[in-house]
Protein chains: 2
Amino acid sequence: MKKLPRKIITRVLLYIRTLEGLLKEKRYLVSSKQLADITGLSDVKIRKDISNFKKVGRPRIGYKTVDLKRTLENYLLQNNKLHLVIFGAGNLGSAILKYPGFHRSKVKLVAAFDASKAKIGKMINGVRIYPVERAPEIIKRRHADIGIIAVPKERCQEVADYMVLSGLHGIVNFAPCSISVPAKVQVRNMDFTIEFLSLFCDIQK
Amino acid sequence: MKKLPRKIITRVLLYIRTLEGLLKEKRYLVSSKQLADITGLSDVKIRKDISNFKKVGRPRIGYKTVDLKRTLENYLLQNNKLHLVIFGAGNLGSAILKYPGFHRSKVKLVAAFDASKAKIGKMINGVRIYPVERAPEIIKRRHADIGIIAVPKERCQEVADYMVLSGLHGIVNFAPCSISVPAKVQVRNMDFTIEFLSLFCDIQK
DNA sequence: TTTCAATCGTTCCAAATTTCACAATTGAAA
DNA sequence: TTTCAATTGTGAAATTTGGAACGATTGAAA
Ligand SMILES: NC(=O)c1ccc[n+]([C@@H]2O[C@H](COP(=O)([O-])OP(=O)(O)OC[C@H]3O[C@@H](n4cnc5c(N)ncnc54)[C@H](O)[C@@H]3O)[C@@H](O)[C@H]2O)c1
Ligand SMILES: NC(=O)c1ccc[n+]([C@@H]2O[C@H](COP(=O)([O-])OP(=O)(O)OC[C@H]3O[C@@H](n4cnc5c(N)ncnc54)[C@H](O)[C@@H]3O)[C@@H](O)[C@H]2O)c1
């Protein structure tokens, strides 16, 4: 199947999350209109997104929750599980390490790396904190795909370089700074301040 | 001036952050090409974004860092400071409360609210944790604009309702669930899992 | 002084995305 | 059985976004 644009992928992941919620409430049928009400997106857009995959809806009825979820997951994730590592086990890094949301889902945090002697060797929520030097070895052994940056921004670029060197192909950067990486490596920046201020601009009259 | 699309606003906030970094390094002149190299965006797009505001660049020279930063900030933030509150001072909420990045910038976290008796009354990084019931009063008194949701997703909708009732006009939701609010209230969802998985999909061959 | 290379700002065009309109399907109700 | 309303899936139109091209400007070098 052709590669989908990131925007659609992100929305489809939202549909999957929403379908999981509906399943928990034992709602076994759902229409694009209902998904639209929950997610705040338009029903046409949702149907168009879904139509990128095989036909799974029935007119007048809607979608079977389980089937739609499975279809979307199959195309997007192909039963692969995402193995994450994190650099920096400080305030934010520890919060992420303690986050239970990953454990039942398609994401697993497999190792943490920190520069502070005081933290190395500790476990947080079953995940060990290693010295940074062991990153290449552990990332290869645990087949980690993506690394999270949660170190001070002054260390950001050097850590990014080391992540690339260690074989990661994707980086999620929580530090408020830009990093430079080879083209083969994808970066997502999550700057809370920018998000907050962007919303602030929106609500200013 | 006409209201800019969110995408442009977000990029301009990134330019502002970048310009601050350049100023710290005493780089008082910068070209769109250099900004492009740092941010990973195209120079044309950057010039176009900037041209939404008054002319401030000089051909052959580039932009004066200070002037460009001031121009962008004036249009976007008009010297207003964003006052934030947070609901939920657990793992993630505490990390955000401890985040020093806000203090020297245009964002100030003014209060936290939590349902746990054990946490109420404590201070984190100079910010007091209040019982949820005091939110309407404190939000009004402190002129808070935006509220952060950092409570378990089961409490998410009720907390959102209460935030709206308390007079907030913007919500940043870190819980992995959708919320329903009146049209006048803007919501930004930050679901880490979706971000991680979306990147994962991108890097899968 | 003249030429030149760097850079901005803008116009025009292409690509991507969203919305609109509607045919097709389907189970239920008349 | 026929009609009907709800819903999917999709082609076409509209809108938004990004990129290419290029003239205008400017300081520096010849
Ligand atoms: N705390 C938040 O809520 C928050 C919010 C938004 C962004 N951020 C960003 O996330 C990053 C981390 O924030 P924090 O509050 O957790 O900071 P922190 O100081 O609490 O933690 C930083 C951790 O990184 C470790 N570290 C330093 N250099 C390292 C290196 N070279 N390799 C590996 N580990 C290293 C430190 O030992 C420390 O444990 C910062 O860039 C911050 O701007 C944090
Ligand atoms: N920890 C993370 O890194 C992380 C990452 C992504 C998303 N999240 C999401 O952020 C939210 C918080 O995560 P966490 O790890 O901090 O959880 P947590 O359990 O550590 O903290 C939740 C806090 O919310 C408080 N709370 C509960 N009900 C409340 C209410 N009605 N009003 C006010 N406060 C209330 C609790 O007392 C607790 O202090 C969750 O929805 C989680 O899914 C967390």
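## Concerning the packing of helix α8 (residues 192-203) of chain A against helix α1 (residues 6-24) of chain B
- One can describe the packing of α8(A) onto α1(B) by two numbers: an axis separation of 9 Å at closest approach and a directional angle of 130°. Judged on the interaxial angle alone, α1(B) and α8(A) are oblique. Regarding α8(A) and α1(B), the two cross each other, and that crossing is right-handed. Along the contact surface, α8(A) presents I194(A), L197(A), S198(A), C201(A) and D202(A), while α1(B) presents R6(B), I9(B), T10(B), L13(B), L14(B) and R17(B).
- Among the residues making up the contact of α8(A) with α1(B), the classes are represented as six nonpolar, two polar and three charged.

## Some thoughts on the pattern of salt bridges
All names here are of chain A.
- Tallied over the full model, the rule gives 29 salt bridges over all chains.
- For the salt bridge of D37 with K33, the shortest nitrogen-to-oxygen distance reads 3.3 Å. Remark: K33 and D37 occur in helix α2 (residues 32-39); sequence separation between them is four residues, near one turn of the helix.
- With a relative accessible area of 53%, D37 lands in the exposed category.
- Residue E137 pairs with R141 through a salt bridge whose shortest N-O separation is 3.5 Å. Separated by four residues within a single helix, E137 and R141 lie in helix α6 (residues 135-141), roughly one turn from each other.
- We classify R141 as partly exposed; its relative accessible area is 48%.
- What emerges from the salt-bridge pattern is a single network uniting E20, K69, E73 and K106.

## Points about the packing of aromatic side chains
- The full count for this structure, using the stated rule, is 17 aromatic pairs over all chains.
- Taken together through their ring pairs, the aromatic side chains of Y99(A), F102(A), F174(A), F192(A), F196(A), Y99(B), F102(B), F174(B), F192(B) and F196(B) make up a single cluster.

## So, the site of ligand 2
- By nearness alone, 25 residues border ligand 2, and N91(B), L92(B), D114(B), K119(B) and V151(B) come closest of all.
- Surrounding ligand 2 is a set of residues that belongs to chains A and B.
- A distance of 3.3 Å separates an oxygen atom of ligand 2 from a polar backbone atom of I96(A).
- Contacts to ligand 2 include V151(B), whose backbone N or O atom sits 2.6 Å from an oxygen atom.
- Protein burial of ligand 2: of its 830 Å² of free accessible surface, 85% is covered by the chains.
- Of all the secondary structure elements, the ones that give two or more residues to the shell around ligand 2 are α5 (91-98) of chain A together with α5 (91-98), β5 (107-114) and α7 (156-165) of chain B.
- Class assignment for the residues of the shell around ligand 2 results in 16 nonpolar, four polar and five charged.

## Examining the pairing of strand β5 (residues 107-114) of chain A
All names here are of chain A.
- Within β5, seven of the eight residues are buried, which leaves it mostly tucked inside the rest of the structure.
- When strand β4 (residues 82-87) meets β5, the two strands line up parallel, connected through six bridges. When the sheet's bridge partners are listed, V85 is paired in β5 with A111.
- A crossover links β4 with its parallel partner β5, the connecting element being α5, and its sense is right-handed.
- Direction of pairing for β5 relative to strand β7 (residues 127-131): parallel, over a ladder of three bridges. Within β7, the residue paired with F113 across the bridge is Y130.

## Quick look at the site of ligand 1
- The immediate surroundings of ligand 1 are formed by 25 residues, with N91(A), L92(A), D114(A), K119(A) and V151(A) found nearest.
- Residues close to ligand 1 are split across chains A and B.
- D114(A) is positioned with one of its side-chain polar atoms (N or O) 2.5 Å from an oxygen atom of ligand 1.
- For ligand 1, an oxygen atom lies 3.3 Å from a polar atom in the backbone of I96(B).
- Here ligand 1 loses 85% of its free accessible area of 820 Å² to cover by the protein chains.
- Sorting the residues of the shell around ligand 1 by element identifies α5, β5 and α7 (156-165) of chain A together with α5 of chain B as the ones contributing at least two each.
- Of the residues contributing to the shell around ligand 1, the split by class is 16 nonpolar, four polar and five charged.

## Here we look at the interface of chain B and chain A
- Every contact between the two is made by 57 residues of chain B and, on the other side, 58 residues of chain A.
- When chain B packs against chain A, the two sides together hide about 5400 Å² of surface, and 68% of this comes from carbon and sulfur.
- Area buried by chain B at its contact with chain A is led by R17(B), F196(B) and L199(B), which between them contribute 14% of it.
- Taken together, the links from chain B to chain A amount to seven salt bridges.
- With a shortest N-O distance of 3.4 Å, D202(A) and R6(B) are connected by a salt bridge.
- The biggest single contributor to the side of chain B that touches chain A is helix α8 (residues 192-203) of chain B, with 12 residues.

Criteria and thresholds
Residues numbered from 1 in each chain as written. Chains lettered and ligands numbered in written order. Predicted model: local features only at pLDDT ≥ 70, side-chain atom pairs only at ≥ 80, totals over all residues. Heavy atoms only, no water. Axes fitted to C-alpha atoms, helices over the stretch in contact; angles between N-to-C directions. Helix = DSSP H or I, 4+ residues; strand = E, 2+ residues; numbered from the N terminus. Parallel < 35°, antiparallel > 145°, perpendicular 65-115°, else oblique. Left-handed = near helix turned anticlockwise from the far one by under 90°. Contact = heavy atoms within 4.5 Å. Nonpolar A, V, L, I, M, F, W, Y, C, P; charged D, E, K, R; others polar. Salt bridge = Lys/Arg side-chain N within 4 Å of Asp/Glu carboxyl O. Buried < 20%, exposed > 50% of the residue type's maximum accessible area, 1.4 Å probe, protein only. Phe/Tyr/Trp six-rings, centres within 6.5 Å; stacked < 30°, edge-to-face > 60°. Near = heavy atom within 4 Å. Polar contact = N/O pair within 3.5 Å; in protein donor to acceptor, adjacent residues only side chain to side chain. Areas by Shrake-Rupley, 256 points an atom, 1.4 Å probe, with all protein chains shown as cover. Pairing = 2+ DSSP bridges. Right-handed = clockwise from strand over helix to strand, strands pointing away. Buried area = accessible area lost by both parts, 1.4 Å probe.

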